[in-house]
Amino acid sequence: MLPSNCLVHAFAKAKQNKTTQNQTKTLIFSKSHKYPILKIQPFFIMTAFFIIAAVIIAAIVTARILVRKKVTRLMMVPSPFLKEAPDASTQKEVKAAYTLTFDTYTHAQITDDMVEARTALNKKALRNFRYVFGMQLLAALGYIVFTQGNGFFIGVPFAFLSTMRYLTFKDQFRPHHKGLAGFLKPIKNSFLEIVKPEYAFHLALIAMAASILVFLTSFLDWRYDFTNLGYLVAILFHLFLLKRTNQKLKKTHNLKLLLLRVFGINDAAAFTFEGLLKYWEHFGSFFTVVDPSYLKSVVRRKNQILPLVATSFFVIIFAELIAEDYEFSKDLLHYGILLPLIVVASIWYIQRSLKAVDAKFTRDQAHLNEKIAALKANPRTPNNTFKHLPTMCYDDTWKMAVANYVTYSDVILMDLRGYSKERQGCGYEVDYLFDHTSVDKLVFLISAGSLPLIEDLMQERWEYLKIDSPNRHNTAPKIALYESTSERNKDIQGLLDLLIFTASNYIETRQPQQQQSTLPPQGITPTMT
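The text that follows walks through the structure, step by step, so that each part is easy to find. Position numbers for residues start from 1 in each chain and track the written sequence from start to end. Since the coordinates come from a predicted model, pLDDT governs what is reported: local features require at least 70, and pairs of side-chain atoms require 80 or more to be given and counted, while whole-chain, interface and lining totals use all residues. Side-chain metrics rest on all non-hydrogen atoms present in the structure, leaving aside hydrogens and water.

Residues K123, K124, R127, R130, K170, R244, K248 and K251 make up a contiguous surface patch of positive charge. A helix here means a DSSP run of H or I that spans at least four residues, while a strand means a run of E at least two residues long, and both kinds are numbered starting from the N terminus. Those elements that provide at least two residues to the positive patch are α3 (112–145) and α7 (229–250). Here the positive patch takes 4 residues from α3, the largest share from any one element. Only residues whose relative accessible area exceeds 30% and that form no salt bridge enter a patch; like-charged residues are grouped when within 9 Å of one another, and nonpolar side chains (Val, Leu, Ile, Met, Phe, Trp, Tyr) when within 5 Å. To be clear on the numbers: accessible area is Shrake-Rupley with a 1.4 Å probe, and residue cover counts the displayed protein chains and nothing else. Any carboxyl oxygen of Asp or Glu within 4 Å of a side-chain nitrogen of Lys or Arg constitutes a salt bridge here. Positive charge is attributed to Lys and Arg, negative charge to Asp and Glu, and no charge count is given to His or to the chain ends. Charged side chains are reduced to one point each, which is NZ for Lys, CZ for Arg, CG for Asp and CD for Glu.

Below you can see the structure in the form of structure tokens.
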């Protein structure tokens, strides 16, 4: 064969091999587009995921520790925003004319009147819950009707989850259930996490976000389809229903609870913050002065680690898919882009958490008035429960906060579990309550066996009252004590019944406002009445 013929033959064979390789590459590329998840290498994904998850967890834990330390430190210092220190009250005290008596209750001693008051409030809450369910079904129907049936993949799941939520959680207003319902309650809470009422607003946001994505696809594909306008109309209709629901529920009376407690006892915080108040939010708002044990309770109730770590996993998978399509370096993607972004975001999260503490600490009377006014104007959360006002206070503003909340609340619960003579702060608060509000709206929570010590405290603080105390002319002053025995659902139910009954009676028989004392501790006058 001539050399020239050999060269031609070799060139043709090389060209044929190159064509075959390109065809194979094209075939693989097309298959990878059809099954994009097959391109991802699990080992590299899991390595990057564990590193990024470790950074996220470290940032959250660090932020919690630093926030708790900062709150503890600021609680012990005076407010830098107060122009002058409040003057101590020098109002005259007189000896109490009438003897203080006590009514002690346990979960087994709740009266029929208390059960009746709770039942009436439960029926109102259930009616509101049923109204919310109806609005959610209308929103689901809107996603189907306004899109001419194309939005069934949004409307049908949304209606199904809303129906599951209503059927399984319409008994959520009672802590204690007898028989099979009580046995199935923890199982229901575990396996039906996604339909819990606290996630209802999140699911509404997901439905609206899916509609927005579908609406935008017509612009991304350079072909505008007028039928996609139905998704936008469905979103506007959903927002209208949410606003109407909020306005409807805003008319429900807000039963306001002030919770005072012995600071620093972590074991006692779980019963009130994670038990009692979880059910009280269906009936009204609560106020309390924040301490480190409250922050620990918030961490236990709201786990931030799991959602953020799960989100990071899906972000990594999405980034992997994009990197494969553009033949981008995996190492550069994981350790040159994603990891530095997560580190920067973690630093920002820690700084933001610490700055939020400064913003939340009550600076002065005007700042406290703003918080109360905001709650009064919009008392409901997006999930249709009542908002709360846990208040971070400086060393010289916590008494001011207590003074305002005593006047503004309908019932006051003072948690004296763990009280000892060494904890004089509680003694001051008991003294202040006797001097400035009626004993008819007071409930004291005590530990089993501590009744003699508590009675001694009460009698000591009752002996002398301020001259304008609303209790001076009460001819039969009586204190309601609830003795906690098990600190489980039965106790939560019993205490809840007593608080609802006390608040309802106080609202019905409330004296004119001018007969209530308006003198706060150390001469600071509360403006919210």
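When accessible area is computed with a 1.4 Å probe and restricted to protein chains, residues below 20% of their type maximum are described as buried, those above 50% as exposed, and intermediate ones as partly exposed. The buried fraction of helix α13 (residues 398–408) is high, at 9 of 11 residues. Taken together, the buried positions of α13 are occupied by W398, M400, A401, V402, A403, N404, Y405, V406 and Y408.

Think of it this way: a Phe, Tyr or Trp ring, Trp meaning its six-membered ring, pairs with another when their centres are within 6.5 Å, and the plane angle makes it stacked under 30 degrees, edge-to-face over 60, tilted otherwise. Using the criterion set out here, one finds 10 aromatic pairs in the structure. Consider the rings of F129 and F173, whose centres lie 6.1 Å apart with planes at 85°: the pair is edge-to-face. Pair noted here: F129 is in helix α3 and F173 is in the loop between α4 (152–169) and α5 (179–191), with a separation of 44 residues, a long-range link. Take F129: its relative accessible area is 12%, and that puts it in the buried class. What links up through ring pairs into an aromatic cluster is the set F129, F133, Y166 and F173. The rule for a charge over a ring is simple: NZ of Lys or CZ of Arg within 6 Å of the ring centre, and within 35 degrees of the ring normal. A cation over a ring is seen here: K95 above Y464, with NZ or CZ 5.3 Å from the ring centre. R363 extends its terminal NZ or CZ atom over the ring of F81, reaching a point 5.6 Å from the ring centre.

Before going further, it helps to spend a moment on the pairing of strand β8 (residues 442–447). Burial within β8 is extensive, with 5 of its 6 residues counted as buried. Bridge count for strand β7 (residues 411–415) against β8 is 4 bridges, and the pairing is parallel. Paired with I412 across the two strands is L442, which belongs to β8. Where β8 meets strand β10 (residues 478–484), 5 bridges bridge the pair, whose relative direction is parallel. Its bridge partner being in β10, V443 is matched across the sheet by A480. Should DSSP find at least two bridges between two strands, the strands are taken to pair.

With that out of the way, let us pick up the side chain of Q172. Turning to its location among the elements, Q172 is positioned in the loop between α4 and α5. Given the relative accessible area of 15%, Q172 is considered buried. Those residues in contact with Q172 that sit more than four places away from it in its chain are F129, P197, Y279 and H282. Working rule for contacts: check all heavy atoms of both residues, and any pair within 4.5 Å makes them a contact.

A separate point is the packing of helix α12 (residues 365–377) against α13. Axes here refer to lines fitted to C-alpha atoms; in helices the fit is confined to the stretch in contact. Angles between the N-to-C directions go from 0 to 180 degrees. Where α12 meets α13, the closest approach of the two axes is 10 Å, and the angle between their N-to-C directions is 35°. For α12 against α13, the interelement crossing comes out right-handed. Two secondary-structure elements touch here, α12 through Q365, L368, N369, I372 and K376 and α13 through M400, A401, N404, Y405 and Y408. Just so you know the grouping, Ala, Val, Leu, Ile, Met, Phe, Trp, Tyr, Cys and Pro go in nonpolar, Asp, Glu, Lys and Arg go in charged, and all remaining residues, Gly too, go in polar. Residues that form the contact of α12 with α13 fall into these classes: 6 nonpolar, 3 polar and 1 charged. In this scheme the handedness of a crossing depends on how the near helix is turned from the far one: anticlockwise by less than a right angle means left-handed, clockwise means right-handed.

All quantities given are derived from atomic positions and should not be read as evidence of function.
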